[in-house]
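Fold and contact review
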Amino acid sequence: MRRYRVENCSIERALAVLGEKWTFLVLREAFNGVRRFADLQALTGAPRQVLSARLTRLVDEGLLRKVPYQEPGQRQRDEYRLTQKGLDLYPIMIALMHWGDRYVADPEGPPVVVTHRDCGAPVSLHMTCADGHEVAGPREATPRPGPGARLSATA
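This write-up is about the structure you can find in this document. Note that the coordinates shown come from a computational prediction; the quantities given were computed from them, not determined experimentally. Every chain is numbered independently, its residues counted from 1 as its sequence is written. Thresholds applied to this predicted model are a pLDDT of at least 70 for local features of residues and 80 or more for the giving and counting of side-chain atom pairs; totals over whole chains, interfaces and linings are not thresholded and use all residues. Each side-chain value is derived from all of the structure's non-hydrogen atoms; neither hydrogens nor water enter the calculation.

Notes on the pattern of salt bridges
Any Lys or Arg side-chain nitrogen located within 4 Å of an Asp or Glu carboxyl oxygen qualifies as a salt bridge. Scanning all chains against the criterion turns up seven salt bridges. A salt bridge links Arg36 to Glu71; the nearest nitrogen and oxygen atoms lie 2.6 Å apart. Of the two residues, Arg36 is situated in the loop between α2 (21-31) and α3 (37-44) and Glu71 in the loop between β1 (64-69) and β2 (77-82); the sequence distance between them amounts to 35 residues. With a relative accessible area of 26%, Arg36 lands in the partly exposed category. Assessed through its relative accessible area of 36%, Glu71 is described here as partly exposed. What counts as a helix is a DSSP run of H or I of at least four residues, what counts as a strand is a run of E of at least two, and both are numbered from the N terminus. A simple rule labels every residue: compare its accessible area, found with a 1.4 Å probe on the protein chains alone, to the largest value its type can have, and call it buried under 20%, exposed over 50%, or partly exposed in between.

What follows is the structure in structure tokens.
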């Protein structure tokens, strides 16, 4: 069996950016159209310093961008908007929500149901291969070395 080094693991690198509760709660609100610090703080319950650090990190990582705004008679502030890199996380957010709905929701059911804006049907996720075949789970998929794979010295 060949062993590959994992220091360039995409899952580990993604978790270095995303793998923290407050990050996902900020992203949840951003996907719901919340853009301003005070609103993000109220809706996530994040302590001010924690939220400030998370927003800075999400901006630095290119998931959010700052857009200045100014209310009449107030100082200029920034609101936070999803970038394309941030928008690309939507399927992950939906998958995480569906997992939560299935395994940790209240007995009454999920608190939110995401529906298709055009027809109103519930949104669901499906994995498919490049040829269009549905992949039901890990038993129908095979991990293979990709172009970035590096053999371990002990292989």
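Description of the side chain of Glu79
Within the fold, Glu79 resides in strand β2. Polar contact criterion, stated in full: a pair of N or O atoms within 3.5 Å, where within protein one must be able to donate a hydrogen and the other to accept it, and residues adjacent in sequence count only if both atoms are side-chain atoms. For Glu79, the side chain forms a polar contact with the side chain of Arg36, separated by 3.5 Å. Within the structure, Glu79 has its side chain in polar contact with the side chain of Arg81 (distance 2.5 Å). Contacts: residue pairs with any heavy atoms within 4.5 Å of one another. Apart from the residues within four sequence positions on either side, Glu79 is in contact with Arg35, Arg36, Arg65, Lys66, Val67 and Tyr69.

Side note on helix α4 (residues 48-60)
A helix is expected to span 1.5 Å multiplied by its residue count minus one. Between its first and last C-alpha atoms α4 spans 18 Å; for 13 residues at 1.5 Å apiece the expected length is 18 Å, and the two agree. Phi turns positive one or two residues past the end of α4, at Gly62, with a value near 85 degrees.

Concerning the packing of aromatic side chains
Only Phe, Tyr and Trp rings are paired, with Trp represented by its six-membered ring, and only when their centres lie within 6.5 Å; those with planes under 30 degrees apart are stacked, over 60 edge-to-face, the remainder tilted. Evaluation of the coordinates by the stated rule reveals two aromatic pairs. A ring pair is formed by Trp99 and Tyr103, whose centres lie 5.3 Å apart and whose planes are at 45 degrees; its orientation type is tilted. Within this pair, Trp99 and its partner Tyr103 are both found in helix α6 (residues 90-103), separated by four residues, close to a single helical turn. Looking at Lys21, its charged tip hangs above the ring of Trp22, at a distance of 4.4 Å from the centre. Two limits define a charge over a ring: the Lys NZ or Arg CZ must be within 6 Å of the ring centre, and within 35 degrees of the ring normal. Positioned above the aromatic ring of Tyr69, the side-chain terminus of Arg36 is 3.7 Å from the ring centre.

A short note on the packing of α2 against α3
Helix-helix packing: each pair is described by the crossing angle between the helix axes and the interaxial distance. α3 packs onto α2 with a crossing angle of 120 degrees between their chain directions and a minimal axis gap of 10 Å. The interaxial crossing formed by α2 with α3 has right-handed handedness. For the pair α2 and α3, contact is made by Trp22, Leu25, Val26, Arg28 and Glu29 and by Leu40, Leu43 and Thr44, respectively. Residues are sorted three ways: Asp, Glu, Lys and Arg are charged, Ala, Val, Leu, Ile, Met, Phe, Trp, Tyr, Cys and Pro are nonpolar, and all the rest, Gly among them, are polar. Looking at side-chain class alone, the contact of α2 with α3 contains five nonpolar, one polar and two charged residues. Orientation is described by lines fitted to C-alpha atoms, with helices fitted over the stretch in contact, and by angles between N-to-C directions that extend from 0 to 180 degrees. What makes a crossing left-handed is the near helix being turned counterclockwise from the far one by less than a right angle; a clockwise turn instead makes it right-handed.

Looking at the nonpolar core
Grouping buried Ala, Val, Leu, Ile, Met, Phe, Trp, Tyr and Cys residues that are joined through side-chain atoms within 4.5 Å yields what is termed a nonpolar core. Ranked by size, the top nonpolar core spans 21 residues in total, and within it Leu18, Leu51, Leu55 and Leu64 carry the most contacts. In terms of residue count, the dominant contributor to this core is α2 (six residues). Look past the residues within four positions of Leu55 in its chain and what remains in contact with it is Val26, Phe37, Leu40, Leu64 and Tyr80.

Overview of α2
By the criterion of burial, α2 is predominantly enclosed, with eight of the 11 residues buried. When we look at burial in α2, the residues that qualify are Trp22, Thr23, Phe24, Leu25, Val26, Leu27, Glu29 and Ala30. Buried residues along α2 sit against α1 (10-18), α3, α4, β1, β2 and α6. Its side-chain oxygen at 3.2 Å from the backbone nitrogen of Trp22, Glu20 defines the N-terminal cap of α2. Looking at the residues trailing α2, positive phi occurs at Gly33, about 90 degrees.

Details of the environment of Met93
Relative to the helices and strands, Met93 is located in helix α6. Residue classification places Met93 among the buried residues on the basis of a relative accessible area of 13%. Taking the C-alpha atoms as reference points, Met93 and Phe24, separated by 69 residues in sequence, lie 8.0 Å from one another. Excluding residues that lie within four positions of it along the chain, Met93 makes contacts with Phe24, Leu27, Arg28 and Phe31.

Fair warning: the whole summary comes from geometry, so function is off the table for now.
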